[in-house]
Amino acid sequence: MPPPLLVDADATLGRNPRADVGDGGVTALLERMDRVGVAAALVGHSWSRLHDPATGNALVSRLVAGRPRLAACWTLLPPGTGETGGPGEFARSAREHRVRGVRAYPADHGYELAGPDAAPMFAALAEAGLPLLLDAPQAGWPEVEALARRHPSLPVVVGRAGYRVLRRVAGVLERTGNVYVGTADLSSHRGLEWLAERFGPGRLVFGTGMPERDPAESVTRLLWSELPGEAVAAIGAGTLATLTDLDGLT
């Protein structure tokens, strides 16, 4: 039986002054993917988080152009300052550039995830059919739930949940239908199995967090799990395929 298709929803290009991740280049990323059997990836750029989102978004789109295994994942900001454009403009441009998802860093960028400032952006993403991705340390689970309730047609994928968080995660999944859990740093013992068995593999999205995290961590957690093959396949790529367009990547 061939190995399941793995599409990484949580990868980054670019140098990171906070972590020794090498040059953060496309070649290094593809080599890491090949080493652990990841077929394709949605990738952002470190500049979008640590410097200037608009510059980082343009840069990542240039870097993935002509790379059929990589798709851009842009970063948004609240529209009030105009840094990433107005909501409709941002969503249209993302679609024109074949962006497959959009990231938010509310803690790093100084706004409230569920507050009014970024709400027009989230509404535009929902209308455009683009999922929102964020790391758990960027916002509390109550904020994630409030956002999901306010925008019920917006898929919200929360990665890097960490350790001993299953009760909080379970409550949010139970009360919402549009929150998904990314597998990067989903560290509770057999947490992946428990979440898949209780809520279904369709609420889990494969992600590695590379290059900050070793991709072998998430790959091993999934492929060596006690889940049946169809659940592994759903988590590896199937769920993401229901949330965004993977044509040309897989």
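Values in this document were obtained by computation on a predicted structure and should not be read as measured data.

> Could you give me a rundown of empty space enclosed by the protein, with the residues and numbers involved?
One pass over the structure, following the stated rule, counts three cavities of 30 Å³ or more. Roughly 130 Å³ of internal volume is contained in the largest cavity. Considering the residues around the largest cavity, the lining is formed by 16 residues, among which Thr12, Ser46, Arg49, Tyr105 and Glu212 are closest to the centre. Listing elements by their share of the lining of the largest cavity, those giving two or more residues are strand S1 (7-13), strand S2 (40-45) and helix H2 (46-50). Across the lining of the largest cavity, the residue classes tally to three nonpolar, seven polar and six charged. Counted as a void, the second largest cavity has a volume near 70 Å³. Taken together, 14 residues line the second largest cavity, and the ones lying closest to its centre are Asp10, Arg103, Val157, Gly159 and Gly182. At the level of elements, S1, strand S5 (132-135) and strand S6 (156-159) are the ones that each hand at least two residues to the lining of the second largest cavity.

> Outline the packing of aromatic side chains, supporting the account with residue identities and numerical values.
Tallied over the entire structure, the rule returns two aromatic pairs. Relative to Phe90, the ring of Trp74 has its centre 5.8 Å away and its plane inclined at 55°; by these criteria the two rings are tilted. Separated by 16 residues along the polypeptide, Trp74 in strand S3 (residues 70-75) and Phe90 in helix H4 (residues 87-96) bring together distant segments of the chain. Phe90 carries the same exposure label as Trp74, and that label is buried. Centroid distance Trp194 to Phe199: 6.2 Å. Interplanar angle 75°. Geometry classified as edge-to-face. Just above the ring of Tyr180 sits the side chain of Arg203; from NZ or CZ to the centre is 5.9 Å.

> Break down the packing of helix H1 (residues 26-36) against helix H10 (residues 215-223) for me, citing the residues and quoting the values.
Close contact between H1 and H10 brings their axes to 10 Å; oriented N to C, the two are set at 25°. It follows that H1 is roughly parallel to H10 by the angle criterion. Judged by the twist between their axes, the crossing of H1 over H10 is right-handed. From H1, Arg32, Arg35 and Val36 reach across to H10, where they touch Pro215, Ala216 and Val219.

> Break down the environment of Thr75 for me, citing the residues and quoting the values.
Mapped onto the elements, Thr75 comes out in strand S3. Take Thr75: its relative accessible area is 3%, and that puts it in the buried class. Linking Thr75 and Gly101, residues 26 residues apart in sequence, is a C-alpha distance of 8.8 Å. Other than its neighbours up to four places away in sequence, Thr75 contacts Ser48, Pro53, Asn57, Thr84, Phe90, Val102, Arg103, Tyr105 and His109.

> I'd like to hear about the pairing of strand S7 (residues 179-182), residue by residue, with values.
Side chains Val179 and Val181 of S7 all project onto a buried face; the interleaved residues Tyr180 and Gly182 project onto the opposite face, where all are buried too. Bridging between S6 and S7 involves three bridges; their strand directions are parallel. Following the sheet pairing, Val158 is matched in S7 by Val181. Bridge analysis of S7 against strand S8 (residues 204-205) gives two bridges, and the strand direction is parallel. Looking at S8, one finds that Gly182 is bridged to Val205. In this fold, the crossover linking S7 to S8 by way of helix H9 (residues 191-199) has right-handed handedness.

Scoring rules and cut-offs
- Residues numbered from 1 in each chain as written.
- Predicted model: local features only at pLDDT ≥ 70, side-chain atom pairs only at ≥ 80, totals over all residues.
- Heavy atoms only, no water.
- 1 Å grid on protein atoms, 1.4 Å probe; cavity = no way out; pocket = protein on both sides within 12 Å on 5 of 7 lines; lining within 4 Å.
- Points joined across faces, edges and corners; volume = space filled by probe spheres on them.
- Helix = DSSP H or I, 4+ residues; strand = E, 2+ residues; numbered from the N terminus.
- Nonpolar A, V, L, I, M, F, W, Y, C, P; charged D, E, K, R; others polar.
- Phe/Tyr/Trp six-rings, centres within 6.5 Å; stacked < 30°, edge-to-face > 60°.
- Buried < 20%, exposed > 50% of the residue type's maximum accessible area, 1.4 Å probe, protein only.
- Lys NZ or Arg CZ within 6 Å of the ring centre and 35° of its normal.
- Axes fitted to C-alpha atoms, helices over the stretch in contact; angles between N-to-C directions.
- Parallel < 35°, antiparallel > 145°, perpendicular 65-115°, else oblique.
- Left-handed = near helix turned anticlockwise from the far one by under 90°.
- Contact = heavy atoms within 4.5 Å.
- Pairing = 2+ DSSP bridges.
- Right-handed = clockwise from strand over helix to strand, strands pointing away.

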